[in-house]
Structures are given as structure tokens and as C-alpha cells.
Amino acid sequence: MPFKRYVEIGRVALVNYGKDYGRLVVIVDVIDQNRALVDAPDMVRCQMNFKRLSLTDITIDIKRVPTKKTLIAAMEVADVKNKWENSSWGRKLIVQKRRASLNDFDRFKLMLAKIKRGGLVRQELAKLKKQNSS
Amino acid sequence: MVTCKFHQYQVVGRALPSETEEHPKIYRMKLWSTNEVRAKSKFWYFLRKLKKVKKSNGQMLAINEACIILKLELIILSLIFEKNPTKIKNYGIWLRYQSRTGYHNMYKEFRDTTLNGAVEQMYTEMASRHRVRHHCIQIIKTATIPAKLCKRESTKQFHNSKIKFPLVFKVVRPPSRKLKTTYKASRPNLFM
């Protein structure tokens, strides 16, 4: 199986450990085999170990070590935010965040909705069973 | 930001003035150590090897630490600072170390954003590759090397503006140490 996601300048990655957990960053330069210089519009450029990064499918078109302005412009051009939020990975993370931020009333509403959905599914199933047996 | 164990200090000292020598020469050294106390001690260690002076008949005139200057932070009043901690530099470090059979000189290259980081890399690499402990290493000289003058293949291979490589194994780690468990329900998927 060939590799599809490469560490390259412009690769968008998700931080999966540490202080910046959950943040989308762009690999702006490679320091050495284990570390990259990483940048995002709302943080100071810093170095990160690759072990803390999960590479995504999104890349943007930048040269080595761009200025903050060029980086933000390139991210707009590549439409990173929308691409991320529409990707299945991004959507899952949004759902996870939503679920973690539910309060008790929301969980109650969720429970009712689940029961309702389960009831409808069972009704349809009963109908189909009846059709099949008759 | 990475916190470095090794700090760079600038230490200034001289022998105590005596009747024969009213104004002894002042010596300044740039050192790396984990704290100020060790820096002062190291200063006397090196000065003893260069001049006939000891801590008991010498005085410390100043000790300043080199800091990283971030553009968003206030500049702390210290003399040596890392001008650009977001720029990757190639550091060449010349050192003299004591092995089991004698003293040797060495030149090593490291890629890092800060000099303190490169020095820390050097100490850990010497410990791992040559089993040399930190007190057996003397740093002769450090310098930032422009990419053309780098000698080692392992640093030169990163001098590629279109660098591209895959990460071969995915590190499966819980996002915080609190969520660490001894047993997991399923085997990890290591494919990136």
C-alpha cells in the first residue's frame, strides 16, 4: 500500500497530543527527522514533534516558511476550514465536541429522540416482517 | 515552546587585585549549564585551566543568562538572546570530550531553532552514541552554519525546499496521560 499523506511543506495536520490538542496546523518547514516547524493563523510559530501530529489530506500551496500574512492568504485560497469541516474526519470531530458539550436537558432531549427513532424503526421492521410472512 | 534544560550563560570574572597586579585581566566566557550555580562553577573550572586563578582568589563580576526573545514578549534585560527562535538553523558544535581511552575533538552538526536546543541535542547525542556524560564534554565553539557549508549528510538531507516524506508508523497515543489504560479493547491500527 503506497503512502498517501506525506509530510511536506503545506501539509495540514491535526495536533493530537499536548497543549494544542485539536488544533489544525500547517507544516511550514521540517527541522529534522522528528520535528517540524508548524504554524496556524492564531498561534505563534513553534516546533512540534511528528508524534504529536496527525496528517490530514489537505495541503496548501506555500513556499518554505511563509510570512503569517501569506500563510493566512494561502489558507483562504485552499479553503482549509470548509474542506476540513466537510470531510468525514472533521465532521466526526465536530459531532464529538457537540456531544461532549451537552447539558443534562440536551441529553434528555437526545434520549427522547433516540427512543422515538427506535420506535419508528421497529414499526417499519414489523411492517416488513408482516409483508414477508404473508 | 520547547523548554530547554541547558541555558546559556555569559560569565565574567577576574582574579582578585593584589599588590603585584592592580588591575588583573577580566575574562568573559560563554557557557552552557542547567543553572547559574553550575555556570559559575564551570567558569572557574575553565579559568583554572587557562590562568593561575581559583575561585578562592578570584571574583565573579557578572553572570547573565541568554534568553529566547519571542516577538510577542517583552525583552528581558539580558545580553545574549536568540534573535529568531522561529527560524531553523544549522548549528555546528566543536567539542572536546573524554572517552574511556583519552580526549578527542569532535565536530557535530545539528538542525534546530535555537542554540540552546542544539546544545541540548548535542549532549543527548553524545550520551547515547558515545556514552559520554555531560561533565566530560567541553564545548569549544558553536556557530550557525549556512546550508552550503554543512558537512554532515544527516543535516544536508533536510536542505530541500520541496522536502516530502511519509510518516511510516502512526503513533497511537491517548491525548493525555490521564486517559492512559493498560488494556485496550482492540489492536491499534498503525497505518498513517
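Residues numbered from 1 in each chain as written. Chains lettered and ligands numbered in written order. Predicted model: local features only at pLDDT ≥ 70, side-chain atom pairs only at ≥ 80, totals over all residues. Heavy atoms only, no water.

*Asks:* So what's going on with the overall build of chain B? Which residues, and what values?
*Replies:* Secondary structure assignment for chain B yields three helices and eight strands. Listing each helix as α and each strand as β along chain B from the N terminus yields β-β-α-β-β-β-β-α-β-α-β. For 192 residues, the compact-globule estimate of 2.2 N^0.38 gives 16 Å, and chain B exceeds it by more than 25% at 22 Å. Relative to its 192 residues, chain B shows a buried fraction of 36%. Sequence-distant contacts, at least 24 apart, represent 57% of the contacts inside chain B between residues at least 6 apart. Total accessible area on chain B stands at roughly 13,100 Å², and carbon and sulfur atoms take up 54% of it. Distance between charge centroids for chain B: 10 Å, based on 39 positive and 12 negative side chains. (Helix = DSSP H or I, 4+ residues; strand = E, 2+ residues; numbered from the N terminus. Rg over C-alpha atoms; globule rule 2.2 N^0.38 Å. Buried < 20%, exposed > 50% of the residue type's maximum accessible area, 1.4 Å probe, protein only. Contact = heavy atoms within 4.5 Å. Areas by Shrake-Rupley, 256 points an atom, 1.4 Å probe, with all protein chains shown as cover. Lys, Arg positive; Asp, Glu negative; His and termini not counted. Charge placed at Lys NZ, Arg CZ, Asp CG, Glu CD.)

*Asks:* Tell me about helix α2 (residues 115-130) of chain B, and name the residues and values.
*Replies:* For α2 of chain B, with 16 residues, the first-to-last C-alpha span of 22 Å sits near the 22 Å given by 1.5 Å per residue. R131 of chain B, located one to two residues past α2 of chain B, shows a positive phi value of around 60°. (Expected span 1.5 Å × (residues − 1).)

*Asks:* Now, about the pairing of strand β5 (residues 43-49) of chain A: what can you tell me, with residues and values included?
*Replies:* All names here are of chain A. Where burial is concerned, most of β5 is hidden: five out of the seven residues are buried. As judged from the five bridges shared by strand β4 (residues 35-40) and β5, these two strands associate in the antiparallel manner. Note that in β5 the partner of L37 across the bridge is Q47. (Pairing = 2+ DSSP bridges.)

*Asks:* I'd like a rundown of the interface of chain A and chain B, residues and numbers included.
*Replies:* Contact residues are listed per partner, giving 27 residues for chain A and 25 residues for chain B. Carbon and sulfur atoms supply 68% of the area buried between chain A and chain B, which totals about 2,600 Å² over both sides. It is F3, Y17 and I31 of chain A in chain A that bury the most area against chain B; as a group they hold 22% of the surface buried on that side. On inspection of chain A and its partner chain B, the count reaches one salt bridge. For the salt bridge of D112 of chain B with R35 of chain A, the shortest nitrogen-to-oxygen distance reads 3.4 Å. Counting across the chain A and chain B interface gives six residue pairs in polar contact (both at pLDDT 80 or more). Among the elements of the structure, β1 (6-8), β3 (24-30), β4 and β5 of chain A are those that each provide at least two residues to the side of chain A that touches chain B. Sorting elements by how many residues they give to the side of chain A that touches chain B places β5 of chain A first, with four residues. For the side of chain A that touches chain B, the per-class residue count stands at 14 nonpolar, four polar and nine charged. Inspection of the sheet shows β1 of chain A paired to strand β8 (residues 164-166) of chain B by three bridges, in the antiparallel sense. Residue Y6 of chain A lies in a different strand from β8 of chain B, and its bridge partner there is P166 of chain B. (Buried area = accessible area lost by both parts, 1.4 Å probe. Salt bridge = Lys/Arg side-chain N within 4 Å of Asp/Glu carboxyl O. Polar contact = N/O pair within 3.5 Å; in protein donor to acceptor, adjacent residues only side chain to side chain. Nonpolar A, V, L, I, M, F, W, Y, C, P; charged D, E, K, R; others polar.)

*Asks:* Lay out the domain arrangement of chain A in plain terms, naming residues and giving numbers.
*Replies:* As far as domains go, chain A holds domain 1 (1-101) and domain 2 (103-133). Placing a centre on the C-alpha atoms of domain 1 of chain A and another on those of domain 2 of chain A gives a separation of 39 Å. (Domains from an automatic or database assignment.)

*Asks:* Account for the pattern of salt bridges, with residues named and values stated.
*Replies:* For the structure shown, the criterion picks out 16 salt bridges over all chains. Notably, a salt bridge pairs R23 of chain A with D42 of chain A, separated by 3.0 Å at the nearest N-O pair. With R23 of chain A in the loop between β2 (11-15) and β3 and D42 of chain A in the loop between β4 and β5, the pair connects residues that are 19 residues apart, well separated along the chain. Among the residues examined, R23 of chain A registers a relative accessible area of 24% and is labelled partly exposed. In this structure D42 of chain A comes out as exposed when scored by relative accessible area, which is 59%. For the salt bridge of E125 of chain B with K108 of chain B, the shortest nitrogen-to-oxygen distance reads 2.8 Å. Of this pair, E125 of chain B sits in helix α2 while K108 of chain B sits in strand β6 (residues 102-112), and the two are 17 residues apart along the sequence. Its relative accessible area of 11% is what places K108 of chain B among the buried residues. Three or more residues joined by partner-sharing salt bridges are found here, namely D20, R23 and D42 of chain A.

*Asks:* Explain a nonpolar patch on the surface residue by residue, including any values.
*Replies:* A surface patch of nonpolar side chains, amounting to about 510 Å² of accessible area, comprises F105, F108, M111, L112 and I115 of chain A. Position of F108 of chain A relative to the elements: it lies in helix α4 (residues 104-133). (Patch = residues over 30% accessible without salt bridge, like charges linked within 9 Å, V, L, I, M, F, W, Y side chains within 5 Å.)

*Asks:* So what's going on with the side chain of S54 of chain A? Residues and values would help.
*Replies:* Among the secondary structure elements, S54 of chain A is positioned in strand β6 (residues 53-59). Sequence-distant contacts of S54 of chain A, that is, excluding residues within four places in its chain, are made with A13, L14, N16 and W89 of chain A.

*Asks:* Before we move on, could you go through the sheet that holds strand β5 (residues 89-99) of chain B and cite the residues and values that matter?
*Replies:* Backbone-to-backbone hydrogen bonds join strands into a sheet, with any given pair of strands oriented parallel or antiparallel. Residue and element names in this part refer to chain B. Taken in spatial order, the three strands make up an open sheet running β6-β5-β7, and their pairing is antiparallel. Lying at the two open borders of the sheet, with one neighbouring strand each, are β6 and β7 (137-145). Direction aside, neighbouring strands of the sheet carry axes that sit 20° apart on average. Summarising the sheet, β5 and β6 pair through eleven bridges and their orientation is antiparallel. Residue G92 lies in a different strand from β6, and its bridge partner there is E109. Sheet strands in contact with α2 are β5, β6 and β7, and its direction is about 130° off that of β6. (Axes fitted to C-alpha atoms, helices over the stretch in contact; angles between N-to-C directions.)

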